[in-house]
Amino acid sequence: MSLEVLGVLNGDSSAPVIAFPKLKELSIWDMKHWEEWVVKTTINITVMPLLQTLRILSCPMLKSLPCHFLSNSLREMTIEVCPHLEVSRLPPFLEELKIGRDAGSLSISLPIQNGLCTNLKSLELWDLPHSTLPQGLSQLKALTAFSYRVCLRNCSILPTSQTFTLMAKS
């Protein structure tokens, strides 16, 4: 992603730059050949500091998200049909997470380390490609809403009662 795409044109490279300073919602979908989302720059730049909602849908080749998009301001995130996506951490103040169909590493395990992401209140899962729910559900202590919809293609994928018992004890 070039600086021109971020709305940053020729300017003083020593001054701090804020790209999309008021953007609160970003949705990207149907980018079939998009593999990398990298912001390379030598200037001091802040990108989308107020971003609250991020939706990435049907980007089957996307491999990763830049860390600055997983900032403290992000509250809602939806990832659907991104089978190659590797997410190493969730935003610390994320409140709502929606994972649909194949969301890459999020379909297998929620990256929760050292009590981070303790604000997650709502988790919605649907049409997962695996026979188990993502690991890490029992660590979501603030979770108040959980939705799981079984896919129509493979109705043999049902969570075990043990999984729901672990969540209820949390």
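Keep in mind that this is a model prediction, so the values were computed, not measured.

(A) View of the overall build of the protein chain. The helix and strand inventory of the protein chain stands at one helix and eight strands. The order of helices and strands in the protein chain, counted from the N terminus, is β-β-β-β-β-β-β-β-α. For the protein chain, restricting intrachain contacts to residue pairs at least 6 apart in sequence, the fraction spanning at least 24 positions comes to 51%. Taken as a whole, the protein chain presents about 9600 Å² of accessible surface, with 53% of it coming from carbon and sulfur.

(B) Spatial organisation of the pairing of strand E5 (residues 76-80). In terms of burial, E5 is largely enclosed, as four of its five residues are buried. Where strand E4 (residues 53-57) lies against E5, five bridges are found, and the strand directions are parallel. Across the sheet, Ile-56 pairs through a bridge with Ile-79, a residue of E5. Across five bridges, E5 lies against strand E6 (residues 96-100) in parallel orientation. Bridging across to E6, Glu-80 finds its partner in Gly-100.

(C) Inspection of the pattern of salt bridges at higher detail. The full count for this structure, using the stated rule, is seven salt bridges. Glu-80 serves as the salt-bridge partner of Arg-101, at 3.6 Å between the closest nitrogen and oxygen. With Arg-101 in the loop between E6 and strand E7 (122-126) and Glu-80 in strand E5, this pair connects stretches of sequence that are 21 residues apart. Close ionic contact of Asp-127 with Arg-101 constitutes a salt bridge, the shortest N to O distance being 3.8 Å. Taken together, the residues span a long stretch of sequence, with Asp-127 in the loop between E7 and strand E8 (145-149) and Arg-101 in the loop between E6 and E7 at a distance of 26 residues. Three or more residues are tied together by salt bridges with common partners; here these are Glu-80, Arg-101 and Asp-127.

(D) Region of the structure containing unusual backbone geometry. If you check the backbone angles, Asp-30 has positive phi at about 55° while not being a glycine. Checked against the element boundaries, Asp-30 lands in the loop between strand E2 (25-29) and strand E3 (45-47).

(E) Examining the packing of aromatic side chains more closely. Inspection of every chain in the model, using the stated rule, returns one aromatic pair. Plain terms: the ring middles of Trp-34 and Trp-37 are 5.0 Å apart, the flat faces sit at 50° to each other, and that makes the pair tilted. For Trp-34, a relative accessible area of 16% translates into the label buried.

How each quantity is defined
Residues numbered from 1 in each chain as written. Predicted model: local features only at pLDDT ≥ 70, side-chain atom pairs only at ≥ 80, totals over all residues. Heavy atoms only, no water. Helix = DSSP H or I, 4+ residues; strand = E, 2+ residues; numbered from the N terminus. Contact = heavy atoms within 4.5 Å. Areas by Shrake-Rupley, 256 points an atom, 1.4 Å probe, with all protein chains shown as cover. Buried < 20%, exposed > 50% of the residue type's maximum accessible area, 1.4 Å probe, protein only. Pairing = 2+ DSSP bridges. Salt bridge = Lys/Arg side-chain N within 4 Å of Asp/Glu carboxyl O. Phe/Tyr/Trp six-rings, centres within 6.5 Å; stacked < 30°, edge-to-face > 60°.

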